[in-house]
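One-letter residues, chain by chain:
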Amino acid sequence: MPENKKAVQRRIRAVKNIQQITKAQKMISVVKLRRAQQKVLATRPYSRELAKTIARLVARGAGAQHPLIAPRQDRATVAYVVVTADRGMAGPFNMNVIRKAAAVMQADPRPQKLIAIGRKGRDYFLRRGIKPVLEFTGFGEEPSFALTRQMVAQIVDLYLKGEVDEVRLIYTEFASAVSYRPVEVQLLPVQPPEAEAQDHSILEHIYVPSAEDVLNVLVPRFVDVSFYQALLESKASEHGARMTAMSNAVDKAGEMIQKLTLAYNRARQAAITKEISEIVGGAEALKG
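Here we summarise the structure given alongside this text. (Residues numbered from 1 in each chain as written. Predicted model: local features only at pLDDT ≥ 70, side-chain atom pairs only at ≥ 80, totals over all residues. Heavy atoms only, no water.)

1. Notes on the pattern of salt bridges
Within the structure shown, the criterion is met by 14 salt bridges. A salt bridge links Lys235 to Glu238; the nearest nitrogen and oxygen atoms lie 3.1 Å apart. Here the residue Lys235 and the residue Glu238 both occupy positions in helix α5 (residues 211-287), the gap between them amounting to three residues, near one helical turn. Judged by its relative accessible area of 8%, Lys235 falls in the buried class. Several salt bridges converge on common partners, so that one network encompasses Asp108, Arg110, Glu166, Arg168 and Glu184. (Salt bridge = Lys/Arg side-chain N within 4 Å of Asp/Glu carboxyl O. Helix = DSSP H or I, 4+ residues; strand = E, 2+ residues; numbered from the N terminus. Buried < 20%, exposed > 50% of the residue type's maximum accessible area, 1.4 Å probe, protein only.)

Dropping the structure here:
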């Protein structure tokens, strides 16, 4: 029985240590989530207005020949950009994106190329014999816009060289700390939203030096911003998923500690009862 008590005590200490680690991870994720959420909410309005401006320019016929807008007749090869995390301990976050990507890629009969963002997605596809043509890992907890532009430049280069005819993003869209979902969007060729109906009482926009020149500046920026927005959304979702996972781990550890403490107390009471029984039995034997 003493050995049983010591084993339970060791387990209690081990679970308490794990609980402290998960609690610290949860607090770190809370801080990172708050920062990432602020960036996501700050970037969305800019992205929307940029898309509307491009839509107005395209509606005027300015983007018919732009290499990043003009649709290709034969979209033979498609590149899938799969955005996952570099680390685990985030509940189902990574697997949700990977399952979405695997299902989409399996349903697409066209020749495909993979661009992996994050170690988890890269390693998953490598184990299945799919080698990414581009991979980006270790870019930190808060991806910078400058780094994003470098990543996008390599993807756009593949597109302009004709190595891929379409680029699609698969990432996790952030809704709240406990709500996020994997989505698939087209990055290239750019598909601006349809221009909204304009009020004739409002003066027509005048673009200087020309609508085409303005579009040539805005379209690459729109691609950069769209990609950056996807990374921010994914990172915020990752922090939310990790916060939730660590919170669940802390709660489960607390429940386990309670059960182990109860088991320890029972073992201790059983040992005391046994000792008392032995003493009483010995006393009765001496009387006899």
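So much for the structure itself; the text now carries on.
2. A short note on the sheet that holds strand β3 (residues 134-136)
Here we have five strands laid out as an open sheet, ordered β3-β2-β1-β4-β5, and mixed in their pairing. Two strands bound the open sheet, and with one partner strand each, they are β3 and β5 (179-188). Within the sheet, the average angular offset between the axes of one strand and its neighbour, ignoring direction, is 20°. Where strand β1 (residues 78-83) lies against strand β4 (residues 166-176), five bridges are found, and the strand directions are parallel. Directly across from Val81, in β4, lies its bridge partner Leu169. (Pairing = 2+ DSSP bridges. Axes fitted to C-alpha atoms, helices over the stretch in contact; angles between N-to-C directions.)

3. Digging into helix α3 (residues 119-127)
If you check which residues of α3 are buried, you get Gly121, Arg122, Tyr124 and Phe125. The buried residues of α3 occupy an angular sector of 165° when the element is viewed end-on, so they sit on one face. For α3, the elements touching its buried residues are β1, α2 (93-107), β2 (112-117) and β3. In the segment just after α3, Gly129 is the residue with positive phi, at about 80°. (Arc of directions from axis to C-beta. Contact = heavy atoms within 4.5 Å.)

4. Comments concerning the pairing of β4
The side chains of a regular strand alternate between the sheet's two faces. Most of β4 is tucked away, with eight of its eleven residues classed as buried. Counting the residues that bridge the hairpin from β4 to β5 gives two residues.

5. Considering unusual backbone geometry
With omega at -10°, the peptide bond leading from Leu188 into Pro189 counts as cis. Locating Pro189 in the fold gives a position in the loop between β5 and α5. Positive phi outside glycine occurs at Met89, with the angle close to 55°.

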